[in-house]
Amino acid sequence: MKHNIKSIRPFIGAKDFELSRSFYRDLGFEETVLESNFSVFKAGEFAFYLQDYYAKEWIENTMIFLEVDDTDSYYAALLDLKLTEKYNVKLTPIKNLDWGKECFLHDPSGILWHFGEFKK
């Protein structure tokens, strides 16, 4: 099968929708409000939907991998944003692995973001 994919946009939920909206704007995503309880967040060609819906088991098992070109610089930028202090979220330092390296950030609802790069 041939795919003519234009984008892929995961849907994620939020325990506190307004807090999560603020978090993702601070993280550098551009928000477009689609409805009072539903927004799309974009960075360049990439996007995801945030909805005012929370199911604990779903949210706590959601992980998103965002590939970056330089994990060290990205981690330093995450530290500079002071998200851990502002949102009481967890940021885990870079781990070097067989396939590359990554760091982790939990959003205010518990969604686990992986920011990493693959070995060249």
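In case you missed it, the structure is sitting above this.
Rules of the game
- Residues numbered from 1 in each chain as written.
- Predicted model: local features only at pLDDT ≥ 70, side-chain atom pairs only at ≥ 80, totals over all residues.
- Heavy atoms only, no water.
- Helix = DSSP H or I, 4+ residues; strand = E, 2+ residues; numbered from the N terminus.
- Polar contact = N/O pair within 3.5 Å; in protein donor to acceptor, adjacent residues only side chain to side chain.
- Salt bridge = Lys/Arg side-chain N within 4 Å of Asp/Glu carboxyl O.
- Buried < 20%, exposed > 50% of the residue type's maximum accessible area, 1.4 Å probe, protein only.
- Pairing = 2+ DSSP bridges.
- Axes fitted to C-alpha atoms, helices over the stretch in contact; angles between N-to-C directions.
- Contact = heavy atoms within 4.5 Å.

Asker: Run through the environment of Lys 101, naming residues and quoting values.
Answerer: Along the polypeptide, Lys 101 turns up in strand 7 (residues 100–106). Residues Lys 101 and Glu 117 lie 16 residues apart in sequence; the distance between their C-alpha atoms is 5.7 Å. In this structure the side chain of Lys 101 is engaged in a polar contact, spanning 2.6 Å, whose partner is the side chain of Asp 72.

Asker: Can you tell me about the pattern of salt bridges, naming the residues and giving the values?
Answerer: In the structure shown here, the tally under the stated rule is 7 salt bridges. Its salt-bridge partner being Glu 18, residue Arg 21 comes within 2.7 Å of it at the nearest N-O pair. Taken together, the residues span about one helical turn, with Arg 21 and Glu 18 both in helix 1 (residues 17–26) at a distance of 3 residues. In this structure Arg 21 comes out as buried when scored by relative accessible area, which is 16%. With a shortest N-O distance of 2.7 Å, Lys 56 and Glu 60 are connected by a salt bridge. Three or more residues joined by partner-sharing salt bridges are found here, namely Glu 18, Arg 21, Arg 25 and Glu 31.

Asker: I'd like to hear about the sheet that holds strand 5 (residues 63–67), residue by residue, with values.
Answerer: With mixed pairing, the 4 strands of this open sheet are ordered in space as 5-8-7-6. At either margin of the open sheet sits one strand with a lone partner, and together these are strand 5 and strand 6 (91–96). On average, each strand axis in the sheet is inclined to that of its neighbour by 20°, with strand direction left out of account. Looking at chain direction, strand 6 and strand 7 are connected through 4 bridges and run antiparallel. Looking across to strand 7, one finds that Leu 91 is bridged to Leu 105. Across the sheet, helix 3 (residues 71–81) is in contact with strand 5, strand 6, strand 7 and strand 8 (112–118); its angle to strand 6 comes to roughly 170°.

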